[in-house]
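# Observations on the three-dimensional arrangement
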2 protein chains.
Amino acid sequence: MSHFPDLAAIDALDRADPLRRMRDRFAMPEGVIYLDGNSLGPASHAVFHELEQAARHEWGHDLIRSWNTAGWFEMPLELGDRIGRLVGAGPSQTVVADTTSVNIFKALHAAMGLRAGRNVIVAEGGSFPTDLYMAEGVASTRPGTELRLEGVDAEAIEDLIDERVGVVLVNHVDYKSGRLRDMAALTQKIHAAGALAVWDLCHSAGALPVDLDGAKADFAVGCTYKYLNGGPGAPAFIYVATRHQAAAQNPLSGWWGHARPFAFEQHYAGHVGIRRFQCGTQPILSMRALKAALVTWDEVDMAALRAKSVALTGLFIELVETRCAGFGLALESPRDDAERGSQVSFAHENAYEVMQALIARGVIGDFRAPSTMRFGFAPLYLGYRDVWNAVEIMQDVFSAGAWQDPRFAVKAAVT
Amino acid sequence: MSHFPDLAAIDALDRADPLRRMRDRFAMPEGVIYLDGNSLGPASHAVFHELEQAARHEWGHDLIRSWNTAGWFEMPLELGDRIGRLVGAGPSQTVVADTTSVNIFKALHAAMGLRAGRNVIVAEGGSFPTDLYMAEGVASTRPGTELRLEGVDAEAIEDLIDERVGVVLVNHVDYKSGRLRDMAALTQKIHAAGALAVWDLCHSAGALPVDLDGAKADFAVGCTYKYLNGGPGAPAFIYVATRHQAAAQNPLSGWWGHARPFAFEQHYAGHVGIRRFQCGTQPILSMRALKAALVTWDEVDMAALRAKSVALTGLFIELVETRCAGFGLALESPRDDAERGSQVSFAHENAYEVMQALIARGVIGDFRAPSTMRFGFAPLYLGYRDVWNAVEIMQDVFSAGAWQDPRFAVKAAVT
């Protein structure tokens, strides 16, 4: 936007928004501007119906038969392919299973197994911590494995990749700053060094178009409870490129990954395909909420989503920097649209208190220590007027000094 | 029972049953005698309310705040302690997390880590297969580890335990025959050889009293969707005895097991306690169904449960062997009450077809290749009259030859 927008211009943007009709699909409490869908996406109305169907009819009435008649057993594959469309994965490369953390373990182990003779895992020091913790767990079960961290062992991740590196675990969008990596370019550099790329899509799946196949990614993992709106703790997903499926080994070799799970054989023989990356029985009720959310996603054009996302985050940055100038805010996210995911972070000396004051006024974002206020913009249920109103409230919180109210002070234990 | 019971005696047993009132808690379709609760327990009516509350109000309305305000984050510990009461575990030794398969991986790795210098894992060749598959997965990440299997390397598990054995993974109740192990006696033998015991409680938790602390078990795992009625694929549990919690390492070192999960530290530091055996974010909706089920369990006296379970399975054996004599059935479960879990298996040459014919008449058990019909008896929602009626239908299926109907024939792929 080249000029400072007024309310008439904002409303015109909402009227012209091709995704505007999606908003009615979601349950959203009165008086809330929800800028935390990058942490927990909201419920769609369809979810309530789907859960009722799964609980009362399939479980309550059809009981054990539903494993077959309601498609429970195949659901991880079905939902995996639905997610695949959103992340640029052709069919039969993505499966919904377990948690992001557990899937990181599977992917790193499998990737290191494909690069025998190499003993280094590269990751980002600023990564969401569970990625690093799981990499440490993998190293603990592969004697001699070393971790190298961006921001600790070198400034740029590219400088850490050499002939000893087996795998690079990298976030597509940084959870804190919202910085977006160029997946194709970095994957190419990783491959040029003979290593494999494991992409963490937690903050990009459902936030923007992802092209795993096009970028020649090797493995990917991601969660479904953020932008995908799958529900609290909804099962995660793992992607394994077709070319690796025959050779990649899953150390969590449970019966759901067996070639013949119902033959009850004494020894493990992994399915030749993405099923091998399953492990044990999956939480069907949580999976059904995810299914309802993904059915809504089936209708979404990812290019339109990205265009709106960029417009929303760009508008937010422009409005905050104009209307909240002089209040000590500093942009922590990339200003360049091409380098930004669907979230915006601002640093402030009293970020915790300011965020508490915003939440009290219905603008829900979140705080990340020591000084970050994080705002997520999910184009399916947010409009331009929401951005305008959120900034108006923020301006008010600052100019009235509302955040200095003692009830917003930092607590001893911040959870 | 010393005499052949008649219907008046059966009904007297139901009238005198102290657990009889529990039956109304459960949703059960008309015309069904459900003898498969050892595979998937039924829904309680409370579950539907709990799911609605969790989905519409906590997720739909309170959104991200519910992680704290609705106790989502602490639920794995809360539910773990509830299960603990049912399996003889004092507080803070049990946590609900992930799947049984994943928890077997954690427990075997942790146990082998506590027995450095030993390189053998002992398991049962007749175990539910995922136990064996996960043991193979653990061995694949611990070079030099060997597996020894009961029924393959020796007839009795006791004969496999020597000074090279680090851990013995053993099922409390065999999934197929229903054979019940003496946990205290076997654990003592395992300890005498310097090894550790990992008990799989999938077929005993909620089926009979378990005394993990009393038996000095080291680790245990179990599922919650069978006798505990937690719902399809409900999250599993893991028990780690207090004396091992400081030293035992979880290779799946995700952020939920960190000492300070919200401090977002760069390196893993496991919580000193049962929390360490968590990994990633748990499926809250599925966990809420489990919570509703466990609240019902809070009222159950385990001694009364066991007394009724023994009476139900004993009655079933007696009635089948009397009324279906001459039809080629052979008992596969222990005849001695003290050696039997809460299930009964019969072998039959046409077990698959007979089970299909029973299911068509509303008697739902299950088939296990090559020739086992398996019947589970859950005392919370089954009565003596159900046992009587089920056997009457079985007798009818045999004497009328109903199982020979072509529609009950074995399909090419049995799932």
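This structure is a prediction, so every number in the text was calculated from the model and none was measured.

According to the stated counting rule, one finds 35 aromatic pairs over all chains in the structure shown. Measuring from centroid to centroid gives 5.6 Å for Trp255(A) and Phe262(A), while their planes differ by 80 degrees, and the two rings are edge-to-face. Trp255(A) gets classed as buried once you look at its relative accessible area, which sits at 13%. Aromatic side chains Phe128(B) and Tyr175(B) sit 5.3 Å apart centroid to centroid with 90 degrees between the ring planes, which places their arrangement in the edge-to-face category. Of this pair, Phe128(B) sits in the loop between strand 3 (120-124) and helix 6 (129-140) while Tyr175(B) is found in the loop between strand 5 (165-171) and helix 7 (183-192), placing the two residues 47 residues apart along the sequence. Both residues of the pair, Phe128(B) and Tyr175(B), belong to the buried class. Among the aromatic residues, those joined into a ring-pair cluster are Trp67(A), Trp72(A), Phe73(A), Trp255(A), Trp256(A), Phe262(A), Phe264(A), Phe128(B) and Tyr175(B). When the ring centre of Trp388(A) is taken as origin, the NZ or CZ atom of Arg323(A), which lies over that ring, is 5.0 Å away.

All names here are of chain B. On the secondary structure map, Thr224 appears in the loop between strand 7 (219-222) and strand 8 (237-240). Along the chain, Thr224 and Leu186 lie 38 residues apart, while their C-alpha atoms are 24 Å from each other. Within the structure, the side chain of Thr224 is placed 2.7 Å from the backbone oxygen of Pro235, a separation counted as a polar contact.

Below, the discussion takes up the relation of the copies chain B and chain A. Two copies of one chain are present, and they are related through a rotation about an axis combined with an axial shift. Aligned on chain A, chain B shows an RMSD of 0.0 Å; the corresponding rotation is 180 degrees and the shift along the axis is 0.0 Å. Such values leave the two copies arranged in the relation of a two-fold axis. When the interface residues of chain B are mapped onto chain A, 100% of them again lie at the interface, so the same face is used by both copies.

Take the side chain of Thr281(A) next. With respect to the element layout, Thr281(A) can be found in the loop between helix 8 (242-245) and helix 9 (284-297). Assessed through its relative accessible area of 8%, Thr281(A) is described here as buried.

On to the interface of chain B and chain A. Every contact between the two is made by 78 residues of chain B and, on the other side, 78 residues of chain A. Approximately 6,500 Å² of surface area, both sides summed, lies buried where chain B meets chain A, with 70% of it carried by carbon and sulfur atoms. Linking chain B to chain A there are zero salt bridges. Contributing elements (two or more residues each) for the side of chain B that touches chain A: helix 2 (45-59), helix 3 (66-69), helix 5 (100-114), helix 6 and helix 10 (284-297) of chain B. When residues of the side of chain B that touches chain A are assigned to their parent elements, the largest contribution, eight residues, is made by helix 6 of chain B. Of the residues that constitute the side of chain B that touches chain A, the class distribution is 42 nonpolar, 28 polar and eight charged.

Time to look at unusual backbone geometry. Residues Ala369(A) and Pro370(A) are joined by a peptide bond in cis, for which omega reads 0 degrees. If you trace the backbone, Pro370(A) turns up in the loop between strand 12 (366-368) and strand 13 (372-376). In this structure, Leu63(A) takes a positive phi of about 50 degrees despite not being glycine. Structurally, Leu63(A) can be placed in the loop between helix 2 (45-59) and helix 3 (66-69). Phi at Phe264(B) is positive, roughly 55 degrees, even though this residue is not glycine. The topology assignment puts Phe264(B) in the loop between helix 9 (242-245) and helix 10.

Between the first and last C-alpha of helix 5 (residues 100-114) of chain A there are 21 Å, a value that for 15 residues agrees with the 21 Å anticipated at 1.5 Å per step. Among the 15 residues that make up helix 5 of chain A, 13 are buried, leaving the element largely enclosed by the rest of the structure.

Moving on to the sheet that holds strand 13 of chain A. All names here are of chain A. Spatially, 9-10-13-12 is the arrangement adopted by the four strands of the open sheet, whose pairing is antiparallel. Because the sheet does not close on itself, it has two edges, and the strands there are strand 9 (330-331) and strand 12. Alignment of strand 9 against strand 10 (residues 343-347), held across two bridges, turns out to be antiparallel. Of the residues in strand 10, the one forming a bridge with Leu331 is Phe346. Sitting on the sheet, helix 10 (residues 302-323) touches strand 9, strand 10 and strand 13, and the angle it makes with strand 10 is about 25 degrees.

Let us look at the pairing of strand 6 (residues 196-200) of chain A. Residues and elements named next belong to chain A. Within strand 6, five of the five residues are buried, which leaves it mostly tucked inside the rest of the structure. Remark: the strand 5 (residues 165-171)/helix 7 (residues 183-192)/strand 6 crossover connection has right-handed handedness. Relative to strand 7 (residues 219-222), strand 6 is paired through three bridges, and the arrangement is parallel. Bridging across to strand 7, Trp199 finds its partner in Ala220.

Residue and element names in this part refer to chain A. We note that the domain assignment places domain 1 (7-45 + 301-408) and domain 2 (73-297) within chain A. Contacts between the two partners involve 32 residues from domain 1, matched on the other side by 22 residues from domain 2. Roughly 2,200 Å² is buried in total at the junction of domain 1 and domain 2, and carbon and sulfur atoms are behind 58% of that figure. Looking only at domain 1, the three residues that lose the most surface to domain 2 are Asn38, Met302 and Gln343, adding up to 24% of its buried area.

Turning to the sheet that holds strand 13 (residues 372-376) of chain B, a few remarks are in order. Residue and element names in this part refer to chain B. Read across the sheet, four strands follow the order 9-10-13-12 without closing on themselves; strand pairing throughout is antiparallel. Since the sheet does not close on itself, it has two edges, and those belong to strand 9 (330-331) and strand 12 (366-368), each with one partner. Contacts from helix 11 (residues 302-323) reach strand 9, strand 10 (343-347) and strand 13, with the element oriented near 25 degrees to strand 10. Running at roughly 40 degrees to strand 13, helix 12 (residues 351-360) makes contact with strand 12 and strand 13 of the sheet.

In this section: the packing of helix 5 of chain A against helix 6 (residues 129-140) of chain A. Residues and elements named next belong to chain A. Where helix 5 contacts helix 6, the axes come no closer than 9 Å and their chain directions differ by 45 degrees. Comparing their axes, helix 6 and helix 5 come out oblique. Seen along the crossing, helix 5 lies across helix 6 with a hand that is right-handed. Residues Ser101, Val102, Ile104, Phe105, Leu108 and His109 of helix 5 form the contact with helix 6, whose participating residues are Thr130, Asp131, Met134, Ala135, Gly137 and Val138.

All names here are of chain A. The UniProt entry lists Thr100, Ser101, Phe128, Pro129, Thr130, Asp131, Asp200, His203, Tyr225, Trp255 and Thr281 under the feature "binding site: pyridoxal 5'-phosphate" (unreviewed entry), expressed in the numbering used here. The greatest C-alpha distance among the residues just named is 30.2 Å, and with 182 residues of sequence between them they are spread in space as well. As for its position among the elements, Asp131 is in helix 6. Relative accessible area serves as the criterion here: at 2%, Asp131 is assigned to the buried category. Every residue in contact with Asp131, bar those within four places of it in the chain, is listed here: Ile104, Leu169, Asn171 and Asp200. In this structure, Trp255 sits in the loop between helix 8 and helix 9.

Rules behind the numbers
- Residues numbered from 1 in each chain as written.
- Chains lettered and ligands numbered in written order.
- Predicted model: local features only at pLDDT ≥ 70, side-chain atom pairs only at ≥ 80, totals over all residues.
- Heavy atoms only, no water.
- Phe/Tyr/Trp six-rings, centres within 6.5 Å; stacked < 30°, edge-to-face > 60°.
- Buried < 20%, exposed > 50% of the residue type's maximum accessible area, 1.4 Å probe, protein only.
- Helix = DSSP H or I, 4+ residues; strand = E, 2+ residues; numbered from the N terminus.
- Lys NZ or Arg CZ within 6 Å of the ring centre and 35° of its normal.
- Polar contact = N/O pair within 3.5 Å; in protein donor to acceptor, adjacent residues only side chain to side chain.
- Least-squares fit on C-alpha atoms with pLDDT ≥ 70 in both.
- Contact = heavy atoms within 4.5 Å.
- Buried area = accessible area lost by both parts, 1.4 Å probe.
- Salt bridge = Lys/Arg side-chain N within 4 Å of Asp/Glu carboxyl O.
- Nonpolar A, V, L, I, M, F, W, Y, C, P; charged D, E, K, R; others polar.
- Expected span 1.5 Å × (residues − 1).
- Pairing = 2+ DSSP bridges.
- Axes fitted to C-alpha atoms, helices over the stretch in contact; angles between N-to-C directions.
- Right-handed = clockwise from strand over helix to strand, strands pointing away.
- Domains from an automatic or database assignment.
- Parallel < 35°, antiparallel > 145°, perpendicular 65-115°, else oblique.
- Left-handed = near helix turned anticlockwise from the far one by under 90°.
- UniProt positions renumbered as here; feature names shortened; annotations may be inferred.

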